[in-house]
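Chains, contacts and geometry: an overview
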Amino acid sequence: MATIEEGAGNLRFNEYVIEREREAASLGSLETPFGLDESGEFVDGWAMNFERIEIFTKYRGFHELSQAGGIVRITVPSAGPGAEPLDGDRQPFGWSGKINEAAADRSVWRAFDLLTDGEAAEFYRAHRPAVVFEYNDRGPGRRLTVRHNGAFWTVEDVS
């Protein structure tokens, strides 16, 4: 199995997700923002900000960024000329589920108002969209950028 150190862009997104789940299990973590579970819902900005205030208040700000889980912030950037997200002014939006390929798909479908599998497949081939996930996981806030290469999702950048 490839690792992120071997080069982003070569690693399939869900392989990275599985790797992160294994890492969390080996560290004894009960919670990780990554997983293959496809359930989850988009969360409006008000609820997303309320949760951040609740975490900050509960831990007096000291451990806000070390708490795993919670709402994941998702941004779907422009996918090139003629492919601007329809809800760009409402981004980032929140996601209550796990970070994985299904969440990336749902985010692109939402941002570009895709309605069918065929329409999505053509959009992915033509525009190679990206999705940026911002999440908390054992330390400071982290960011993961994935990109569809026309056939499947790949990890582009982790910071």
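Numbering of residues starts from 1 in each chain and follows the order in which that chain's sequence is written. Reporting of local features is limited, given that this is a predicted model, to residues whose pLDDT is at least 70; pairs of side-chain atoms are given and counted only at 80 or more, and all residues count toward the totals for whole chains, interfaces and linings. To obtain the side-chain values, all non-hydrogen atoms of the structure were used and water was disregarded.

**A few points about the overall build of the protein chain**
So the rule is basically this: The secondary structure listing takes helices from DSSP runs of H or I that are at least 4 residues long and strands from runs of E that are at least 2 residues long, numbered from the N terminus. Any two residues whose heavy atoms approach within 4.5 Å at even a single point are treated as in contact.
Each helix and strand in the protein chain was counted, giving four helices and six strands. A sequence separation of at least 24 residues applies to 59% of the contacts in the protein chain between residues at least 6 apart.

**As for the packing of aromatic side chains**
Applicable threshold: Pairing of aromatic side chains requires ring centres within 6.5 Å, counting the rings of Phe and Tyr and the six-membered ring of Trp. Pairs whose planes differ by under 30 degrees are stacked, by over 60 edge-to-face, and all others tilted. Exposure is judged per residue with a 1.4 Å probe applied to protein chains only, and the accessible area is read against the type maximum: over 50% gives exposed, under 20% gives buried, and values in between give partly exposed.
On inspection of all chains with the given rule, the structure shows seven aromatic pairs. For the ring pair Tyr 16 and Phe 34, a centre distance of 5.7 Å and an interplane angle of 90° mean the geometry is edge-to-face. Of this pair, Tyr 16 sits in helix α1 (residues 13-26) while Phe 34 sits in the loop between α1 and β1 (42-43), and the two are 18 residues apart along the sequence. Of the two residues, Tyr 16 and Phe 34, neither departs from the other in class, the shared state being buried. On the basis of an interplanar angle of 55° and a centroid distance of 5.0 Å, the ring pair of Phe 42 and Trp 95 is categorised as tilted.

**With respect to the side chain of Glu 101**
You can see Glu 101 is positioned in helix α3 (residues 101-112). By relative accessible area, Glu 101 is classed as buried at 11%.

**Considering α1**
Here is the rule: A helix is expected to span 1.5 Å for every residue after the first. The directions considered for the arc are those from the helix axis to the C-beta atoms.
Between its first and last C-alpha, α1 extends 20 Å over 14 residues, near the 20 Å set by a 1.5 Å rise per residue. Taken together, the buried positions of α1 are occupied by Phe 13, Tyr 16, Val 17, Arg 20 and Ala 24. Taken down its axis, α1 places every buried residue within 105° of arc, on the same side. The exposed residues of α1 that point more than 90 degrees off its buried face are Arg 22, Ala 25 and Ser 26. Packing partners of the buried residues in α1 comprise α3, β4 (130-136), β5 (142-148) and β6 (153-158).

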